[in-house]
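Listed below, chain by chain, are the residues.
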Amino acid sequence: MSLDTVVAPTIHPELLSAFSQDEFNSHVMTTYGRFNLALIKGEGCTVWDTEGKAYLDFVAGIATCTLGHAHPAVIEAVMAQINTLTHVSNLYYVPVQGELAKWLVDHSCADRVFFCNSGAEANEGAIKLARKYAHTVLGIAEPIILTAQASFHGRTLATVTATGQPKYHKNFAPLIPGFQYVPYNDFAAIESAVAELDGRVAAIMLEPLQGEGGVNPGQIEYFQQVRKLCDEKGILLILDEVQVGMGRSGKYWGYEQLGIEPDIFTSAKGLGGGIPIGATLCKESCNVFQPGDHASTYGGNPFVCAVALAVCQTLERENILGNVQARGEQLRAGLQQLATKYPDICEVRGWGLINGLELQAESKINAIDLVKAAMELGLLLVPAGVKVVRFVPPLIVSELEIDRAVSILDRVLAAM
Ligand SMILES: *Cc1c(COP(=O)(O)O)cnc(C)c1O
C-alpha cells in the first residue's frame, strides 16, 4: 500500500477552497516560520492538506498526538464529556481530575499532581514549587536552579530563562534571576557548579533526553551521579518529561530509562493526545503548595481531564508501550541502514519513538532541507537544531508506516 492509495476521508469542500495564506499572514502574529502547507484533516498517522494530498505524519504536533489523529477512544471521550460538563472552577471538586491524578500517581513515582495547560506552565509550576521548597524547607534566601545548555523548557519568561539556549533569550532581557547553566551529560561540571554556588542550589532541572536541543539522550551514569549529588546536598531533582514522557521513550517516563526517580517532574505534549493539558507532579516530600500558592483557571477542567484519562487508559489497555519499543527499534534499524548508505548522516540516536538523525557538520545538507524535501514526497518531519532531523510519530504508528517513512527518506537522500 502506498500513500497514494490511502483513501482520503471526505473533506468538506468549503475547507478545500476557503483557505488563503495571505489572509492568514495578515492577521496572525509571525511567531513561526511556517511551511507552505495547510492541514485540514487527520486520521491515524495520516494528515491531509487543502489540496487533498496525504502526508505521513512523523511530527504528530511535535510529539503530542499520542494516539494519532481522530482516534475512536479520544473522539468518544471528547463527545461524552462535552455533552456532560466542559468547565467548572477548581473552587469545586472535579471528579475526573481526581481519576486522572490517580492514574498518573499509580503509573509513576509521583504522589501528587497539579494540572495546568501546557509544558511551559507545567515547568513554571515546578520552578515555583522548588522555590517555595527552597525558602520554607531549605532556608535559601536566593535559590538557584541549575539547568543544562541546549535544554528546552518553554517560552514563558521563567521557562525561557531556564532554557539553556541564548538564541531564545535574545531581545527578552531582563531575564528572570536564579538560573545558571551547565553542560548536559557532564557530571564534573555540575558538581563543581554546585560546589561553587555553596549552598544556594535549590534544584537541578534536566530533560531525561533533550528533545528540542537535538535528540540527546541522557546518560545513565550521569543521571545516577546527579541523583546521588542531589540526595547528598538536599537539592531537588526536577525532570522535564514534557516531550519524552507519556510513553514516547518506550516506558511511561524518561526517568525509567535512567534508573532514577525525580522529586518533581512535568508532563504535557503527549498527555492530552492533542488537547491542551499540562501537569506538575511531585513526591510527598516536596508537596509544599498550600491554598493560594498556585492556580490555573482552565487547569484540570473536566473536558481535558476526561480526554487525557482516555489517552492514558488506551495506552495501557492496548499495550502501546510494546508498539513504541518495537517500532522504535525498527525505525532506528532502518535509519542506520540509510546511515551506512549515505555518508552525510553521522548518527542515529533516540529512545522508543523519539529519534534523531544527525547530519555531518560539514554536510551541505541541513535538517531543514531534508524536512522540506520529505514533505514534497508526503512525509512530515521536524528539525531539532540545524543538523538533526527528529522523528516523533504517533505512538500507534504501524510497521508498514515506519517502512514507508524510511523508504521516502531513502528517496529524498538519493535525490540530494
Ligand atoms: C515542548 C516542550 C516544552 C514547552 O511546552 P509548551 O506546551 O509548548 O509550553 C517544555 N519542555 C520540553 C522538554 C518540551 O519539549
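Before any of the text, the structure's been laid out above.
Anyway, here's the lowdown on the structure attached to this text. (Residues numbered from 1 in each chain as written. Predicted model: local features only at pLDDT ≥ 70, side-chain atom pairs only at ≥ 80, totals over all residues. Heavy atoms only, no water.)

1. Some points on the site of the ligand
At step 1: Contacts to the ligand come from Ser-118, Gly-119, Ala-120, Asn-123, Phe-152, His-153, Gly-154, Glu-207, Asp-240, Val-242, Gln-243 and Lys-269.
At step 2: One nitrogen or oxygen atom from the main chain of Ala-120 is found 2.8 Å from an oxygen atom belonging to the ligand.
At step 3: One of the side-chain N or O atoms of Gln-243 is found 2.7 Å from an oxygen atom in the ligand.
At step 4: About the coverage of the ligand: the protein hides 81% of its 390 Å² of free accessible area.
At step 5: Residues of the shell around the ligand, tallied by class, amount to three nonpolar, six polar and three charged. (Near = heavy atom within 4 Å. Polar contact = N/O pair within 3.5 Å; in protein donor to acceptor, adjacent residues only side chain to side chain. Areas by Shrake-Rupley, 256 points an atom, 1.4 Å probe, with all protein chains shown as cover. Nonpolar A, V, L, I, M, F, W, Y, C, P; charged D, E, K, R; others polar.)

2. Overview of the sheet that holds strand 15 (residues 379-380)
At step 1: As summarised here, the arrangement of the four strands in space is 1-2-3-15, forming an open sheet in which the pairing is mixed. Two strands in the sheet have a free side with no partner beyond their single neighbour: strand 1 (39-43) and strand 15.
At step 2: Sheet topology note: the strand 1/strand 2 (residues 46-49) ladder contains four bridges and is antiparallel. Across the sheet, the residue bridging to Gly-42 is Val-47, located in strand 2. (Pairing = 2+ DSSP bridges. Helix = DSSP H or I, 4+ residues; strand = E, 2+ residues; numbered from the N terminus.)

3. A few points about the pairing of strand 10 (residues 236-240)
At step 1: Within strand 10, five of the five residues are buried, which leaves it mostly tucked inside the rest of the structure.
At step 2: Neither face of strand 10 is left uncovered, since the one carrying Leu-236, Ile-238 and Asp-240 and the one carrying Leu-237 and Leu-239 both have all their residues buried.
At step 3: Here three bridges tie strand 10 to strand 11 (residues 264-267), and the two strands are oriented parallel to one another. Following the sheet pairing, Asp-240 is matched in strand 11 by Thr-266. (Buried < 20%, exposed > 50% of the residue type's maximum accessible area, 1.4 Å probe, protein only.)

4. Overview of the environment of Ser-407
At step 1: Structurally, Ser-407 is set in helix 14 (residues 399-415).
At step 2: Between the C-alpha atoms of Ser-407 and Leu-335, which are 72 residues apart in sequence, the distance is 9.7 Å.

5. A short note on the packing of helix 8 (residues 187-196) against helix 9 (residues 220-233)
Two numbers describe a pair of packed helices, the interaxial angle and the distance between the axes.
At step 1: Put simply, helix 8 and helix 9 touch, their axes get as near as 10 Å, and they point 15 degrees apart. Comparing their axes, helix 9 and helix 8 come out roughly parallel. Considering the relative orientation of helix 8 and helix 9, their crossing is right-handed. Contacts from Phe-187, Ile-190, Glu-191 and Val-194 of helix 8 reach helix 9 at Tyr-222, Gln-225, Val-226, Leu-229 and Lys-233. (Axes fitted to C-alpha atoms, helices over the stretch in contact; angles between N-to-C directions. Parallel < 35°, antiparallel > 145°, perpendicular 65-115°, else oblique. Left-handed = near helix turned anticlockwise from the far one by under 90°. Contact = heavy atoms within 4.5 Å.)

6. As for the side chain of Arg-332
At step 1: Along the chain, Arg-332 turns up in helix 12 (residues 320-341).
At step 2: Buried Arg-332, no salt bridge; nearest opposite-charge side chain is Glu-329, N-O distance 5.2 Å.
At step 3: In this structure the side chain of Arg-332 is engaged in a polar contact, spanning 3.0 Å, whose partner is the backbone oxygen of Gly-352.
At step 4: Residues within four places of Arg-332 in sequence aside, it is in contact with Val-348, Gly-350, Trp-351, Gly-352 and Asn-355. (Lys, Arg positive; Asp, Glu negative; His and termini not counted. Salt bridge = Lys/Arg side-chain N within 4 Å of Asp/Glu carboxyl O.)

7. Quick notes on the sheet that holds strand 5 (residues 144-148)
At step 1: Strand order in the open sheet formed by seven strands is 4-12-11-10-7-5-6, with mixed pairing between adjacent strands. At either end of the open sheet lies a strand with only one pairing partner, and these are strand 4 (112-116) and strand 6 (179-182). Ignoring strand direction, the axes of neighbouring strands in this sheet form an average angle of 20 degrees.
At step 2: Sheet topology places strand 5 next to strand 7 (residues 201-206); four bridges connect them, and they run parallel. Its bridge partner lying in strand 7, Leu-146 is registered against Ile-204.
At step 3: Sheet contacts for helix 5 (residues 95-106): strand 4 and strand 12 (278-282); angle to strand 4, the most-contacted strand, approximately 125 degrees.

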